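Coordinates in review
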Amino acid sequence: DAGVIQSPRHEVTEMGQEVTLRCKPISGHNSLFWYRQTMMRGLELLIYFNNNVPIDDSGMPEDRFSAKMPNASFSTLKIQPSEPRDSAVYFCASRDYYNEQFFGPGTRLTVL
Amino acid sequence: DQQVKQNSPSLSVQEGRISILNCDYTNSMFDYFLWYKKYPAEGPTFLISISSIKDKNEDGRFTVFLNKSAKHLSLHIVPSQPGDSAVYFCAASESTGNQFYFGTGTSLTVIP
């Protein structure tokens, strides 16, 4: 298995632009998680899905953030409009019910 | 509020010595605990876990200890090797839940 796939690996954009991060979970995993890594809060859960349904989005910082999971093999995290304080590394992770979470390599976002 | 805390942002240890990484949690409902290891430019990878029915779990050079009364767990690495240099995240969950709560991480440097 290729593991969790994230794209792009790096994204540099200007303030006010829309940013879309993409994730392909491991086949057969029924839960998907979006995290943001910051120095202050470590790995901060933004939202997670079970069987493509959003379960908890209380970690989404603002209405500028939205996430979708249209099918079991694809999810997006969108920031619109982006701001410099959104600069961070964003991770996607997936798991089946019995095992730990498997993380993707992350997307490093820089908003200028 | 952080439910899982790693109060030491960094730790340096000589090669061959023991590394001890600490983690505290506040939620008494947590009954499953994990450690993840993260190298630069990679996603976190699962290292070792422990259920609350145990107080120790060992896997090669890595041992996790759980003190439920103190709401404290620790990761021991013996002997430490330069390749162990990474950021270590502690995580906790309720076995009936799907969400992992992560600490802020401890950066371990093993000096050759």
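So, here's what we can say about the structure. Being a predicted model, the structure only gives us computed values, none of them experimental.

Quick look at the overall build of chain A
Helix and strand counts for chain A come out as 0 helices and 11 strands. Traced from its N-terminal end to its C-terminal end, chain A shows the element sequence β-β-β-β-β-β-β-β-β-β-β. Taken against the 2.2 N^0.38 rule, which gives 13 Å for 112 residues, the C-alpha radius of gyration of chain A at 13 Å falls within 12% of a compact globule. Dimensions along the principal axes, computed over C-alpha positions, put chain A at roughly 40 × 30 × 25 Å. Looking at the 112 residues of chain A, the share that counts as buried comes to 46%. A fraction of 53% describes how many contacts in chain A between residues 6 or more apart in sequence connect residues 24 or more apart. Summed over all atoms, the accessible surface of chain A reaches about 5,700 Å², with 50% contributed by carbon and sulfur. Within chain A, the 13 negative side-chain charges are centred at a point lying 3 Å from the centre of the 11 positive side-chain charges.

A few points about the packing of aromatic side chains
Applying the stated rule across the entire model yields 13 aromatic pairs over all chains. An angle of 40° between the planes, with centres 5.3 Å apart, marks the rings of tyrosine 35 of chain A and phenylalanine 103 of chain A as tilted. Of this pair, tyrosine 35 of chain A sits in strand S4 (residues 31-38) while phenylalanine 103 of chain A sits in strand S10 (residues 102-103), and the two are 68 residues apart along the sequence. Here tyrosine 35 of chain A and phenylalanine 103 of chain A have matching classes, each one buried. Ring centres of tyrosine 25 of chain B and phenylalanine 30 of chain B lie 6.2 Å apart, and the angle between their planes is 55°; this geometry places the pair in the tilted category. For the pair formed by tyrosine 25 of chain B and phenylalanine 30 of chain B, the shared burial category is buried.

Thresholds applied
- Residues numbered from 1 in each chain as written.
- Chains lettered and ligands numbered in written order.
- Predicted model: local features only at pLDDT ≥ 70, side-chain atom pairs only at ≥ 80, totals over all residues.
- Heavy atoms only, no water.
- Helix = DSSP H or I, 4+ residues; strand = E, 2+ residues; numbered from the N terminus.
- Rg over C-alpha atoms; globule rule 2.2 N^0.38 Å.
- Buried < 20%, exposed > 50% of the residue type's maximum accessible area, 1.4 Å probe, protein only.
- Contact = heavy atoms within 4.5 Å.
- Areas by Shrake-Rupley, 256 points an atom, 1.4 Å probe, with all protein chains shown as cover.
- Lys, Arg positive; Asp, Glu negative; His and termini not counted.
- Charge placed at Lys NZ, Arg CZ, Asp CG, Glu CD.
- Phe/Tyr/Trp six-rings, centres within 6.5 Å; stacked < 30°, edge-to-face > 60°.

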